[in-house]
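Here are the chains, one letter per residue:
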Amino acid sequence: MNIILATLAQLLLFLIIAPLVTGVIRTMKARFQTRRGSPIWQPYRDLHKLLRKDMVIPDTASWLFSATPYVVFLTAAMVGLMIPMVAADAPLSLFGGVLAVVYLLALGRFFLALGGLDTGSSFGGLGSSREMTISAIAEPAMMVAIFTVAIAANSTNLSEVAKSAVGQSWRFLAPSQMLAFGAMFIVLIAETGRIPVDNPATHLELTMIHEAMILEYSGPYLALIEWGASLKQLVLMTLLVNTFFPFGLSPAWNAQGVAIGLAFYLIKIAIICCLIVMVETTNAKMRLFRVPELLAVAFILGALALISTFLF
Amino acid sequence: MSSPLGYTFFGGLLAYAVGAIASLISGRIANLARILGCGFALAGGLLEVVSSGIALLASADAHWEIHAAVPFLTYGFRLDPLSAYFNLILSLLAVAISVYSFGYLRPTEEKRTAGVLGFFYNLSLLSLTAVFTASNAFFFLIAWEAMALTAYCLITFEHRKEITRQAGVLFFVMSHAGTGCLLIGFLLLNSLSGSLDFSSFAASSANLTGSMQVAVILLFFAGFGVKAGIIPLHIWLPEAHPAAPSHISALMSGIVIKTGIYGLARVMFEFLGVPPLWAGTMILGFGVVSALLGVLYALMEHDLKRLLAYHSIENIGIILIGFGASLMFITLGHPRFAAIALIAGLFHTLNHAVFKCLLFLGAGSVLHATHTRNMEKLGGLIRRMPQTALLFLIGAIAISGLPPLNGFVSEWLTYQALLAGFGSTEKLTRILFPVAGSLLALTAALAATCFVKAFGITFLALPRSKEAETAHECGFSMVAGMGILAALCVALGLGATWFLPAFDGITQRLLGVRMSGDLVAGARGLILTAGSPRGGSVSTAGIAAMFVILSAVPGMLWLFWGRKGNREIRPTWDCGLPGLTAENEYTAFAFSKPLRMIFAALYQPRREIQAEYDVSPYYPTAIRFDSEIESPFEDRLYAPVQRLVLKIATRMRGIQAGSIHAYLAYIFVTLIILLLFGVRS
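Please read all numbers here as calculations on a predicted model, not as lab measurements.

Criteria and thresholds
- Residues numbered from 1 in each chain as written.
- Chains lettered and ligands numbered in written order.
- Predicted model: local features only at pLDDT ≥ 70, side-chain atom pairs only at ≥ 80, totals over all residues.
- Heavy atoms only, no water.
- Contact = heavy atoms within 4.5 Å.
- Buried area = accessible area lost by both parts, 1.4 Å probe.
- Salt bridge = Lys/Arg side-chain N within 4 Å of Asp/Glu carboxyl O.
- Polar contact = N/O pair within 3.5 Å; in protein donor to acceptor, adjacent residues only side chain to side chain.
- Helix = DSSP H or I, 4+ residues; strand = E, 2+ residues; numbered from the N terminus.
- Nonpolar A, V, L, I, M, F, W, Y, C, P; charged D, E, K, R; others polar.
- Buried < 20%, exposed > 50% of the residue type's maximum accessible area, 1.4 Å probe, protein only.
- Pairing = 2+ DSSP bridges.
- Phe/Tyr/Trp six-rings, centres within 6.5 Å; stacked < 30°, edge-to-face > 60°.
- Lys NZ or Arg CZ within 6 Å of the ring centre and 35° of its normal.

How would you explain the interface of chain B and chain A if you had to name every residue and give the values?
The partner chain A presents 82 residues to the 81 residues of chain B that form the contact. Between chain B and chain A, a total of about 7400 Å² is buried, with carbon and sulfur atoms accounting for 74% of that surface. Together, W558(B), W561(B) and Y586(B) form the three largest contributors to the area buried by chain B at its contact with chain A, with a combined 8%. Scanning the region where chain B abuts chain A turns up one salt bridge. One salt bridge in this structure joins R534(B) and E160(A), with 3.0 Å as the shortest N-O distance. Linking chain B to chain A there are 25 residue pairs in polar contact (both at pLDDT 80 or more). A total of 15 residues in the side of chain B that touches chain A trace back to one element, the largest contributor, which is helix α18 (residues 432-459) of chain B. A per-class count over the side of chain B that touches chain A returns 54 nonpolar, 17 polar and ten charged.

Written out as structure tokens, the structure reads:
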């Protein structure tokens, strides 16, 4: 019973907070650029509106086009249940650890890329090609960082990783952890399609990756994809903060612990948002073929992290 | 022979043999030949599934020996768990491929070739079974050679095409170079044990030391490596596999290359005793290189079958990562880790066989319907061939290692083995494990990219040619053959933990541990763990169940917000450009362009553009575009060897006078020398 309640609670929290994080980042970015920006609730309004709207399906598309939004949304939601969020015990942590997280997100991306190709539009193909390329070269960096974390905790189960760090709360100051954090942060930027890798704010074909793939989606399907994208973003941010800084994670699923955990969690996420906004405002978008260099930096950071686990 | 195991095993062999002869005899009546050839292969496959299934579950160790009139030769068969496991893979594929072939071979009736094809097909199944179950080196080599020869005949089946003949010759040469290595290797082992029996090699493994051990490891690695398609011994594979008829390509990529894997498993884990650390390291290294380069070259292919052939190299690499890690763990004294790594490798062998066979059969259906393998001429097939498209998609998801299908499970186990490896030693070699892991991650992600391309360009959006436009779904038996394999992909993915006890017999015999109890946890044993639930776990069945449960969320959204009938089907928007045609679509070539630029150092792409224009270069009337990438192994490694061999051969011509007297003299002299040799020792 308890596990079902915990699952429901974490699912709801993820579903509700994810659009908010997107809104907060947008507003913060606007303020950094001395604009007023839209209110932080805007993503909710967009979702509400999109869910009510009519949907246009391209006549070239097959059933795969319609299946994609569900797969993208469901994989992101499921991954959210495998990661510790407010309590150290993630509801579905036994169903898959960090490797399953990476591969489930890859499943969502696989379908998204197919959805982009399914319309026959050249923009869809362009987006798919670039998305798959960038995520492929981001993968080794991500895996090295994950290996570092998993070796330190002696487990790929994310709840175990979080618990192992609770006893040694200053572990994140270890060189290996800091380097791995750096690698993961770069991967986060690439995977969520943020500047300097991709620009979430434009629809200009020269710059776009993610937006090009979903160009033909509209109405409720677009709502599912947008929600799925913000879920994925929050999931990766949660992975980052709770593996490296597992402060305030509740040891059990009780009301008091969850409340404290949530407070800590929101603060941590806010800090990560702030970091992302700073990166986004102080950088220009990179040329597509410079991105591999950035990801190579991430890989080197990860590799150094690994080496330093047995040096220090 | 008079046990259920014996009856089914020899019944299966008999069915293959009868099938070969029957289809050859009935060759003039094409319809009958096709049905006999496929029918007996199907029956043989089913019998072998039963016999190897029994042998595997019971961890049996059955021997049968039939003495031949030839000295040294005994037709010795042995079904121990390892043999039974590989025979199970073979027979599962034989069943699916035979069902598929009923429909696929229908067009061959006009040319009356079904009889010969059925003959070689059944013979190759027979020789493959013999390779996996032979219990002595002499019989093994005979079966091995029979397999190579039938494979050659099947590859060059469409021998009127020049390119097919070239592929056949390349296969022939490479294959025999490999067999030569095996022959020397077995003779070396024989010199130690004094017998040709595999069991005697295993018994005398402790005597294998020093330079003899080095020689044995290298010879067998090269010999079996050629067959498995390990880079740099792979060059025949992307030529030969696509050249064969598609159901044969499926057999080749599915199981024939796995004979190399079987041989490596047999020799490295049984005949070596405790292998030296460098052997495991070498295999791990070659595995990583094969996996990564295999997928990188696959990405550059636009020929559907060549693309799949390169992916076979990639997956052989993944299997070898498991094997290499396992051997390293044996040396370092961690039998449990070794068992996990070995299970990962063996499970991936089965998984790759299943999904690669499915994908090749899918490619065969596409070829059958459109008469082209060139992806740039395909497209839109998901509407014209919906069942084939769905089954191909299942194969594509499985080979990309995505959950919840079978490819994910074996890759997950490989990662867990590599992770365990880091803590297994204090030496610097441990850094190899995470590096291999991260390159495996890159490989898997690139494989997903490649299959987005393969599936997306072939099946989605608009057809790019008339052939693709007029394509039609293939017949029932072809869909059924692929359906069996797709069902296996799903079953081995979701029910992976229920399949794991099948490995207990193998790991017990080779490593002395049984792992299935430790690898499985949770209610109904549906959670797969990395040795213990604390170390990490995954449940593909759980993930699949959660997909169903979580789909309540979008369901609720529709209920609260959705409105009825709010879907319209309209032309693709495409940023407002009117009139979308197939020319607007992304091509396979364009899709892989970013990777071609990123890995330019490897590919060394060259391109040539010729534009013709009347008035101004800005208004070209025709453009010709050519692009090619470097093939370093052929140009840098094999070309010099080839030149050298030809040079020596030209010199040798001197003694080939064409006179029969001279030849008789050579024979006489050779005989004398050999006799002197014999007298001295």
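An account of the pairing of strand β2 (residues 74-79) of chain B is requested, with residue identities and associated values reported.
Residue and element names in this part refer to chain B. A large share of β2 lies buried, amounting to five of its six residues. Relative to β2, strand β1 (residues 62-67) runs antiparallel, the two sharing six bridges. When the bridges of β2 are listed, I66 appears paired with Y75. What sits between β1 and β2 in their antiparallel hairpin is a turn of six residues, with F72 showing a positive phi close to 75°.

If you had to explain the sheet that holds strand β5 (residues 537-538) of chain B to someone new, which residues and values would you point to?
All names here are of chain B. The strand order across the open sheet formed by three strands is β3-β4-β5, and the pairing between neighbours is antiparallel. Strands with a single pairing partner mark the edges of an open sheet, and in this sheet they are β3 (520-521) and β5. Relative to β5, strand β4 (residues 527-529) runs antiparallel, the two sharing two bridges. Bridge assignment links T529 to a residue of β5, and that residue is S537.

Which residues make up the packing of aromatic side chains, and what values do they have?
Residue and element names in this part refer to chain B. Counting across every chain of the model gives 54 aromatic pairs over all chains. Ring geometry for F132 against Y262: centres 5.3 Å apart, planes inclined by 85°, an arrangement best described as edge-to-face. One end of the pair, F132, is in helix α4 (residues 114-133); the other, Y262, is in helix α11 (residues 258-271), and 130 residues separate them in sequence. With a centroid separation of 5.9 Å and 20° between ring planes, the pair formed by F186 and F198 is classed as stacked. You can see F186 sitting in helix α6 (residues 162-193) and its partner F198 sitting in helix α7 (residues 198-203), a full twelve residues away along the chain. For the pair formed by F186 and F198, the shared burial category is buried. Site record: aromatic cluster; members linked through ring pairs are F140, W144, F186, F198, F201, F220, F224 and F271. The aromatic ring of F422 is capped on one face by R430, whose charged end is 4.7 Å from the ring centroid. In this structure, R596 is placed above the aromatic ring of F589, and the distance from its NZ or CZ to the ring centre is 3.9 Å.

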